[in-house]
Amino acid sequence: MQEFETLTCVRFIPRTTEADYVSILSSSGCASYMGKLGGPQQVVLSVDTCMLRGIIQHELSHVIGFVHEHSRSDRDNFITIVTKNIATGNLVNFDKYATNNLGLEYDYGSVMHYPRNAFTTYVGQDTIVPKPDPTVSIGQRYGLSILDVSKINKLYNCNLCATLLNSMSGTFTSANYPSAYPQNSKCVWLIRTPIGQVALQFSAFDVQYSSLCSSDYMRIYDGPSKSSPVLLDRTCGTGYVPLMVSSSNQMLVEFVTDGATALTGFKAVYSAVQCGGAYYSSSITFSTPGYPTSYYSNLDCGWVITAPTGYKITLTMNDFAVESEPSCANDYLLVYDGRYTTAPIIGKKYCSSSPPPPLVSTGNIMLVLFHSNNVSEVRGFQANYIMSLK
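Residues numbered from 1 in each chain as written. Predicted model: local features only at pLDDT ≥ 70, side-chain atom pairs only at ≥ 80, totals over all residues. Heavy atoms only, no water.

Colleague: Can you lay out helix H3 (residues 146-155) for me, pointing to particular residues and giving the numbers?
Modeller: The set of residues buried in H3 consists of Leu 147, Asp 148, Val 149, Lys 151, Ile 152 and Asn 153. Elements that come into contact with the buried residues of H3 comprise helix H1 (2-7) and strand E6 (161-165). One or two positions beyond H3, positive phi appears at Asn 157, with a value near 50°. (Buried < 20%, exposed > 50% of the residue type's maximum accessible area, 1.4 Å probe, protein only. Helix = DSSP H or I, 4+ residues; strand = E, 2+ residues; numbered from the N terminus. Contact = heavy atoms within 4.5 Å.)

Encoded structure:
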């Protein structure tokens, strides 16, 4: 729902007294009616099988009026439905409809597209074959595709500046870069890498300076919406912006300008990283990859926490379970009183099922390292920090 709100003008709001509303419940399977029916309209999302972002967005896309991509009117130009591999009772899932395709191309990567072996009656046999290249990847449940977003915005006449960046890596800039960016604009870029976490580095940054960045500014969020924790609050001026690393595979970049002087703006590069973070906000909760299920093998994760000058950092483990070994030679947590591993260690090397005590820096920077080998993986940790004056 947060992705819909960030990238489109569609909003899901809690019902009060509305007669027409969506009623989401856990039952068998994942299912929704298409479009508005009126009255209480059920969407079924089993807590056991449907709790993936793309599955939920698939059903919500039905609610707002979209059929399956492989059911659109021109699908025969792009795919072949292999009916001999589909049981008669399941053929209805492949019906073709007279659709308004909004002038947009067929999207093999739509969250509304079935995978190639959907409802197959024979293991290893496809039910959907792409044309002209049968090896093209089809169907995904990572989340809305770029074309999914375009279709929603066109159908609902959305007029907003919002971009989805969903590759493993890429580059983006402010509008018109390196010429002056537009005045009186509000733009967002939602970065959603297929795996890992998002690392964001600016190669250029030139934004009108004002006191408290009250005019033009950039703000970066640790998640898919403006309700997510803030990684970097209002930033403006010219020069260096520190490396940002999100705690998940999503990061939101917001850029707001007023009607005064416009400068050249920014250029940034993003990429997927395995783990770690670079945090500057006053408080963030973070965890080992995979938490609360087992962390992965052969990890080396580093989180750099930077507070304002004159502040200290207190790190607290809310949950901690790391493979126990007398010398902590296999998996372990180490916390340094500075940016680098040459700084003093705070506490000791930790590996057990008991959380360490709160760990406090003497300066304004703390480095948190986590290492795992391939012997045994357990739950890992969830931690949060706070910044306070010395």
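Colleague: Which residues make up the state of the cysteines, and what are the values?
Modeller: Counting across every chain of the model gives six disulfides. Across a sulfur-sulfur distance of 2.1 Å, Cys 161 and Cys 187 are joined as a disulfide pair. Sign of the S-S torsion, about 100° for the bond between Cys 161 and Cys 187, identifies this disulfide as right-handed. Highlighted residues: Cys 161 in strand E6 and Cys 187 in strand E8 (residues 186-192), separated in sequence by 26 residues. The partly exposed category is assigned to Cys 161, whose relative accessible area is 34%. Disulfide connectivity for the chain, with bonded cysteines indexed by sequence position, reads 1-4, 2-3, 5-6, 7-8, 9-10, 11-12. (Disulfide = S-S within 2.5 Å.)

Colleague: Could you give me a rundown of the pattern of salt bridges, with the residues and numbers involved?
Modeller: Counted by the stated rule, this structure contains 13 salt bridges. One salt bridge connects Lys 36 with Asp 20, and the closest N-O pair in it is separated by 3.5 Å. Taken as a pair, Lys 36 in the loop between strand E2 (30-32) and strand E3 (40-45) and Asp 20 in the loop between H1 and strand E1 (21-25) lie far apart in primary sequence, 16 residues in all. On the accessibility criterion, Lys 36 (67% relative accessible area) is exposed. Where Lys 96 meets Asp 76, a salt bridge forms, and the shortest distance between an N and an O atom there is 2.7 Å. Of this pair, Lys 96 sits in the loop between strand E4 (79-81) and strand E5 (128-130) while Asp 76 is found in the loop between helix H2 (53-63) and E4, placing the two residues 20 residues apart along the sequence. When its relative accessible area of 35% is taken as the criterion, Asp 76 is described as partly exposed. Residues joined in a network through salt bridges with shared partners are Glu 69, Arg 72, Asp 74 and Lys 151. (Salt bridge = Lys/Arg side-chain N within 4 Å of Asp/Glu carboxyl O.)

Colleague: Just give me the short version of the side chain of Ser 145, but keep the residues and values in it.
Modeller: Positionally, Ser 145 belongs in the loop between E5 and H3. Of the residues examined, Ser 145 reaches a relative accessible area of 7% and is grouped as buried. Filtering out sequence-adjacent residues up to four positions away, Ser 145 remains in contact with Asp 107, Gly 109, Ser 110, Gln 140, Leu 164 and Asn 166.

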